[in-house]
Each structure stands twice: as C-alpha cells, then as structure tokens.
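An overview of the molecular structure
One-letter residues, chain by chain:
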Amino acid sequence: MDVRTRSSSLRAWIALVLGIAGVATVPAAIEVARRSRAVALLDAFYAVPLAFVLGALAVGMARRARENLRWLRLRDDGTGIATAAVIAGALAVCLALVAALSVGFYELVLIYQRRR
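Residues numbered from 1 in each chain as written. Predicted model: local features only at pLDDT ≥ 70, side-chain atom pairs only at ≥ 80, totals over all residues. Heavy atoms only, no water.

**A closer look at helix 2 (residues 47-72)**
Which entries qualify depends on this criterion: Helix and strand definitions here come from DSSP, where helices need a minimum of 4 consecutive H or I residues and strands a minimum of 2 consecutive E residues; each element is numbered from the N-terminal end. To estimate how far a helix should extend, the number of its residues minus one is multiplied by 1.5 Å. For each residue, the accessible area found with a 1.4 Å probe, counting protein chains only, is set against the maximum for its type, and the residue is called buried under 20%, exposed over 50%, and partly exposed in between.
The end-to-end C-alpha distance of helix 2, which contains 26 residues, comes to 37 Å, matching closely the 38 Å that a straight helix rising 1.5 Å per residue would cover. Within helix 2, burial applies to Ala47, Val48, Ala51, Leu54, Gly55, Ala58, Ala62, Ala65, Arg66, Leu69 and Leu72.

Here you go:
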C-alpha cells in the first residue's frame, strides 16, 4: 500500500509541475516574442496548444492522484498538492483558451479592416 501512496503522491507532484509549466508557457512565449526580432507576437500563438495540453494533462493526473489518495485513506499527504495541481492545470487551460480567443478576435478585426 505504501508504494501506491507514494506513486500517487509523485503523480500529484508531477501534475503540479505540469500545471505550473502550462501556466508559464504563454507568458514565456510572449516574452520571447517581445525580446526577439525573429519571432513576432502572433508567432507566440504556437505556444497556446502546448499550454492547453500541459494544463489538461495536469488536471487529469491530479484528479486521478487525488482520487487514489482518498481511496487508499492511509494518509492525507498529497491531496493538497493534487488540489493545487488541479487549480494550476485549470488556470493553464483558461489562459490557453483566452489567448486563442484573443488571437482569433484579432484576426477577425484584421479581416474586417481589409474588407472596408
């Protein structure tokens, strides 16, 4: 049982790292676009799917780890980490969706301006 608890706790920590990486992906891509002459701001859009995938993986892994830790009921270690990972993953997914909507509306404005 201790091995299962440790593996679920490790899964929660990995999910937290994935969630934090997902949250940091879009701002990091924007900063790279700001500092680089070769990368335009719209090119930073390629980081959005990565942020979405990292966030979705974090949410899935963290929910599974939290369920396993609660089911085993041996100790409460890791459930707080899993909850934080769910929050970080959900935030990463939300940031990715907001970034995708922002670029989409920007492109619609450009299309509208070209037709006028």
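Following the structure, the description resumes.
**What to know about the confidence of the model for the chain**
For the record, the criterion: For every residue, the predictor assigns a confidence score, pLDDT, that lies between 0 and 100.
Scored by pLDDT, the chain comes out at a mean of 87, with 90% of its residues at no less than 70. Ranking the elements of the chain by mean pLDDT puts helix 1 (residues 2-35) last, at 87, and helix 3 (residues 79-115) first, at 92.

**Observations concerning the packing of helix 2 against helix 3**
Basically, it comes down to this: Axis lines are fitted through C-alpha atoms, for helices just across the contact stretch, and the angle between N-to-C directions can take any value from 0 to 180 degrees. Here roughly perpendicular refers to angles of 65 to 115 degrees, roughly parallel to angles under 35, roughly antiparallel to angles over 145, and oblique to all remaining angles. Put simply, a crossing is left-handed when the front helix is turned counterclockwise from the back one by less than a right angle, and right-handed when it is turned clockwise. Just so you know the grouping, Ala, Val, Leu, Ile, Met, Phe, Trp, Tyr, Cys and Pro go in nonpolar, Asp, Glu, Lys and Arg go in charged, and all remaining residues, Gly too, go in polar.
Two elements in contact, helix 2 and helix 3, have axes whose closest approach is 7 Å; the angle formed by their N-to-C orientations is 155°. As the angle between them shows, helix 2 and helix 3 are arranged roughly antiparallel. Helix 3 is crossed by helix 2, and the crossing has left-handed handedness. Of the residues assigned to the contact of helix 2 with helix 3, the class counts are 18 nonpolar, 4 polar and 3 charged.

**Focus: helix 3**
An ideal rise of 1.5 Å per residue puts 54 Å on 37 residues; helix 3 measures up with 54 Å between its terminal C-alpha atoms. Among the residues of helix 3, Thr79, Ala82, Ala85, Val86, Ala88, Gly89, Ala92, Val93, Ala96, Ala99 and Leu110 are the ones counted as buried.

**Considerations on the layout of surface pockets**
Basically, it comes down to this: A cavity, in this analysis, means grid points on a 1 Å lattice covering only the protein atoms where a 1.4 Å probe fits yet has no way out; a pocket is instead an open set bounded by protein on both sides within 12 Å along at least five of seven lines, and a residue lines either one if it has an atom within 4 Å of a point. Grid points are joined across faces, edges and corners, and a volume is the space filled by probe spheres set on the points.
In this structure, the largest pocket spans a volume of roughly 230 Å³. What lines the largest pocket is a set of 14 residues, among which Ile30, Leu41, Ala44, Ala99 and Val103 lie closest to the centre. At the level of secondary structure, the elements contributing two or more residues to the lining of the largest pocket comprise helix 1 and helix 3. Partitioned by chemical class, the residues of the lining of the largest pocket number 13 nonpolar, 1 polar and no charged.

**A closer look at a nonpolar patch on the surface**
Under the convention used in this document: Like-charged residues within 9 Å of one another, or nonpolar side chains (Val, Leu, Ile, Met, Phe, Trp, Tyr) within 5 Å, are grouped into patches, provided each residue has over 30% relative accessible area and no salt bridge. The Shrake-Rupley method, run with a 1.4 Å probe, gives the accessible areas here. Residue values count only the displayed protein chains as cover. Here a salt bridge means any side-chain nitrogen of Lys or Arg lying within 4 Å of a carboxyl oxygen belonging to Asp or Glu.
A cluster of nonpolar residues, Phe52, Val53, Leu57 and Leu97, forms a patch on the protein surface that exposes about 350 Å² of accessible area. Among the elements that line the nonpolar patch, the one with the most residues is helix 2, at 3 residues. Take valine 53: it is sitting in helix 2. On the basis of relative accessibility, which here comes to 46%, the residue valine 53 falls in the partly exposed class.

**Regarding the environment of alanine 65**
What counts here: Contacts were defined at the residue level, with two residues in contact if any of their heavy atoms lie within 4.5 Å.
Here alanine 65 shows up in helix 2. Spatially, the C-alpha atom of alanine 65 lies 8.8 Å from that of alanine 15, the residues being 50 residues apart in sequence. Residues contacting alanine 65, with those up to four places away along its chain left out, are Ser8, Arg11 and Ala12.

**What about the pattern of salt bridges?**
This model, assessed by the stated rule, comprises 2 salt bridges. One salt bridge connects arginine 34 with glutamate 31, and the closest N-O pair in it is separated by 2.9 Å. One end of the pair is arginine 34 and the other is glutamate 31, both in helix 1 and 3 residues apart, which spans about a single turn. The class of arginine 34 is exposed, set by a relative accessible area of 60%. Residue class for glutamate 31 comes out partly exposed when judged on its relative accessible area of 29%. A salt bridge links arginine 35 to glutamate 31; the nearest nitrogen and oxygen atoms lie 2.5 Å apart. In this pair, arginine 35 and glutamate 31 are both assigned in helix 1, 4 residues apart and thus about one turn of the helix distant. Residue class for arginine 35 comes out exposed when judged on its relative accessible area of 66%.

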